[in-house]
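# Per-entry structural report
Here is what each chain is made of, one letter per residue.
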Amino acid sequence: MTASNSGFEIAADTVPSPEEEVVRELGEQPLAELLREHGLTGHDLVVASAKPITHKLIHRAVKGRRLTHHSKMLVLDAYNRATGEPASLADLFTY
């Protein structure tokens, strides 16, 4: 079954039901502790990033706001550049 929304076809199983609430706030992430251990701030990640990222993105990542995969990859790249150590998404995020 599909639902039409402004001419686009949307599969019914991809639309969350009103009873389902998407969890967006996931609590402080491991990234926060790793930044403290390395003595880094969000600003350090913004400066180290090869691509333009914002302080707001880093703040959201640390506080546990659900990010897209692309945003998480930007944070991961900035973290790896700032620390000089390889890390994975699983090291920085719990989701």
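Small disclaimer: the values here were computed from a predicted structure and weren't measured. (Residues numbered from 1 in each chain as written. Predicted model: local features only at pLDDT ≥ 70, side-chain atom pairs only at ≥ 80, totals over all residues. Heavy atoms only, no water.)

### A look at the pattern of salt bridges
Two side chains bearing opposite charge may form a pair once their charged atoms approach each other closely. To be explicit about the condition: One speaks of a salt bridge when a side-chain nitrogen belonging to Lys or Arg is within 4 Å of a carboxyl oxygen belonging to Asp or Glu. By definition, any uninterrupted DSSP run of H or I lasting at least four residues is a helix, any uninterrupted run of E lasting at least two residues is a strand, and each is numbered from the N terminus.
The full count for this structure, using the stated rule, is four salt bridges. Across the pair glutamate 33 and arginine 36 runs a salt bridge, and its minimum N-O distance is 3.1 Å. One end of the pair is glutamate 33 and the other is arginine 36, both in helix H1 (residues 30–38) and three residues apart, which spans about a single turn. The partner of arginine 81 in a salt bridge is aspartate 77, and the shortest N-O contact between them spans 3.0 Å. Taken together, the positions of arginine 81 and aspartate 77, both in helix H4 (residues 69–83) and four residues apart, correspond to about one turn of that helix.

### Remarks on H1
Structural remark: α-helix, 3.6 residues per turn; residues separated by three or four positions point the same way. Using the following cut-off: Residue exposure (1.4 Å probe, protein chains only): buried if accessible area is under 20% of the type maximum, exposed if over 50%, otherwise partly exposed. Our arc is simply the arc of the directions from the helix axis toward the C-beta atoms. Two residues qualify as a contact provided that any one of their heavy atoms is within 4.5 Å of a heavy atom in the partner residue.
When H1 is considered as a whole, its buried residues turn out to be Leu31, Ala32, Leu34 and Leu35. Buried residues of H1 fall within an arc of 165 degrees about the axis and therefore sit on the same side. The secondary structure elements touched by the buried residues of H1 are helix H2 (42–48), helix H3 (55–63), H4 and helix H5 (89–92). Two residues or fewer past H1, glycine 39 is found with a positive phi of approximately 70 degrees.

### A short note on the nonpolar core
Stated precisely, the cut-off is as follows: Throughout this description, the term nonpolar core refers to a set of buried Ala, Val, Leu, Ile, Met, Phe, Trp, Tyr and Cys residues connected via side-chain atoms within 4.5 Å.
Core analysis: the biggest nonpolar cluster contains 21 residues, and Leu31, Val75 and Tyr79 have the highest contact counts within it. If you list the elements that add at least two residues to this core, you get H1, H2, H3 and H4. Considering every element that reaches this core, the biggest residue donor is H4, with five residues. Not counting residues within four places of it along the chain, the set of residues in contact with leucine 31 comprises Leu45, Ala61, Val62, Val75, Tyr79 and Leu92.

### Things to note about the packing of H1 against H4
Put simply, the rule reads: Think of each axis as a best-fit line through the C-alpha atoms, taken over the contacting stretch in the case of a helix, with angles from 0 to 180 degrees between the N-to-C directions. In this scheme, roughly parallel covers angles under 35 degrees and roughly antiparallel covers those over 145, while 65 to 115 is roughly perpendicular and the rest are oblique. Handedness of a crossing is defined here by the sense of rotation of the near helix relative to the far one, left-handed for an anticlockwise turn of less than a right angle and right-handed for a clockwise turn. As a working rule, the residues Ala, Val, Leu, Ile, Met, Phe, Trp, Tyr, Cys and Pro are called nonpolar, Asp, Glu, Lys and Arg charged, and the rest polar, with Gly in that last group.
Two elements in contact, H1 and H4, have axes whose closest approach is 12 Å; the angle formed by their N-to-C orientations is 15 degrees. As far as their axial angle goes, H4 and H1 are roughly parallel. Of the two elements, H1 crosses H4, and the hand of that crossing is left-handed. In this structure, H1 uses Leu31, Leu34, Leu35 and His38 to contact H4, whose residues at the interface are Val75, Tyr79 and Thr83. Split by residue class, the contact of H1 with H4 holds five nonpolar, two polar and no charged.

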